[in-house]
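# Examination of the molecular architecture
So the chains spell out like this:
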Amino acid sequence: MQDNRTLLAACEEQEQRFQFDHFSREEALGFGLLLHKNASEDGGAPVAIEITVNGLVVFRYFPDGAMPDSEKWLKRKRNSVELMHMSSLHFLAWLTENGETMADRKLPADEYAAGGGGFPVILRGTGVIGSICVSGRPDHMDDHQLVINTLAEWLAR
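Reading the values: rules and limits
Residues numbered from 1 in each chain as written. Predicted model: local features only at pLDDT ≥ 70, side-chain atom pairs only at ≥ 80, totals over all residues. Heavy atoms only, no water. Buried < 20%, exposed > 50% of the residue type's maximum accessible area, 1.4 Å probe, protein only. Helix = DSSP H or I, 4+ residues; strand = E, 2+ residues; numbered from the N terminus. Pairing = 2+ DSSP bridges. Contact = heavy atoms within 4.5 Å. Salt bridge = Lys/Arg side-chain N within 4 Å of Asp/Glu carboxyl O. Expected span 1.5 Å × (residues − 1). Polar contact = N/O pair within 3.5 Å; in protein donor to acceptor, adjacent residues only side chain to side chain. 1 Å grid on protein atoms, 1.4 Å probe; cavity = no way out; pocket = protein on both sides within 12 Å on 5 of 7 lines; lining within 4 Å. Points joined across faces, edges and corners; volume = space filled by probe spheres on them. Nonpolar A, V, L, I, M, F, W, Y, C, P; charged D, E, K, R; others polar.

### Regarding the pairing of strand β3 (residues 118-123)
- A large share of β3 lies buried, amounting to six of its six residues.
- The loop that links β3 with its antiparallel partner strand β4 (residues 127-135) comprises three residues; one of these, Gly 125, has a positive phi angle of about 85°.

### Side note on the side chain of His 90
- Along the polypeptide, His 90 turns up in helix α4 (residues 88-97).
- The contact partners of His 90, leaving out residues within four places of it in the chain, are Leu 8, Cys 11, Glu 12 and Glu 15.

### Brief notes about the pattern of salt bridges
- Applying the stated criterion to the full structure yields eight salt bridges.
- A salt bridge links Arg 78 to Glu 50; the nearest nitrogen and oxygen atoms lie 2.5 Å apart. Taken as a pair, Arg 78 in helix α3 (residues 70-84) and Glu 50 in strand β1 (residues 48-53) lie far apart in primary sequence, 28 residues in all.
- A salt bridge links Lys 77 to Asp 143, with the nearest nitrogen and oxygen atoms 3.0 Å apart. With Lys 77 in helix α3 and Asp 143 in helix α5 (residues 140-155), this pair connects stretches of sequence that are 66 residues apart. For the pair formed by Lys 77 and Asp 143, the shared burial category is buried.

### A short note on α5
- Over its 16 residues, α5 runs 23 Å from end to end, which matches the ideal 22 Å to within 8%, given 1.5 Å per residue.
- Turning to α5, its buried residues are Asp 143, His 144, Leu 146, Val 147, Ile 148, Thr 150, Leu 151 and Trp 154.
- At its buried positions, α5 is contacted by α1 (4-17), α2 (25-41), α3, α4, β3 and β4.
- Put simply, Asp 139 is the residue that caps the front of α5, since its side-chain oxygen is 2.8 Å from the backbone nitrogen of Met 141.

### Observations concerning unusual backbone geometry
- Here the phi dihedral of Asn 54 falls at roughly 50°; this positive angle occurs in a residue that is not glycine.
- Mapping Asn 54 onto the fold places it in the loop between β1 and β2 (56-61).
- A relative accessible area of 63% places Asn 54 in the exposed class.
- Of note, Lys 106 is a non-glycine position whose phi angle comes to about 60°, a positive value.
- For Lys 106, the location among the structural elements is in the loop between α4 and β3.
- For Lys 106, a relative accessible area of 71% corresponds to the exposed category.

### Here we look at the environment of Phe 31
- Among the structural elements, Phe 31 can be located in helix α2.
- A relative accessible area of 0% means that Phe 31 is categorised as buried.
- Each residue touching Phe 31, except ones within four places of it in the same chain, is listed here: Phe 23, Ile 51, Ile 132, Thr 150, Leu 151 and Trp 154.

### Brief notes about the layout of surface pockets
- Looking at the largest pocket, its volume works out to about 230 Å³.
- Forming the boundary of the largest pocket are 17 residues, of which Trp 73, Lys 77, Gly 116, His 140 and Asp 143 lie nearest the centre.
- Contributions of two or more residues to the lining of the largest pocket are made by α3 and α5.
- In terms of residues, the lining of the largest pocket owes the most to one element, α3, which gives four residues.
- Grouping the amino acids of the lining of the largest pocket by side-chain chemistry returns five nonpolar, six polar and six charged.

Worth remembering: the numbers are spatial, not functional.
Printed below as a string of structure tokens:
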């Protein structure tokens with residue numbers, strides 16, 4: 001396991017690297033389908049997926065076997081990304097680095113999540129316009145890595 005400063009730096013680098021020149025609703029559909037394909041092919045637990053653009057949910061899928069509480073996790077991760085304009089894992093590392101908790105910041109745990117699985121849709125030259133969230137892996141770090149791997153694949157095309 002990496003130390004928190006390394007994790008914080010990695011999250012910052014990922015948010016700089018994985019930005020879009022454009023991100024339409026049609027592209028959200030394609031990205032969501034690729035994310036589902038990647039989640040299905042690696043043999044892990046079923047992964048629920050949600051993508052938002054400008055506050056609107058434009059892609060959401062719960063495959064067979066996805067846990068019912070995944071919907072709550074998606075919302076909590078989305079709320080953290082939208083509030084902090086950073087990945088939900090970055091939020092966890094940021095809180096840790098600053099010696100804070102969500103409670104210290106008056107953020108209820110049933111509305112926000114600090115952990116892997118939520119990533120901002122960052123439009124180059126504009127900023128955060130939405131979120132990509134997944135939930136379902138036993139380890140939140142695996143949720144985060146699924147999003148990162150899919151972003152790398154999508155943006156390399």
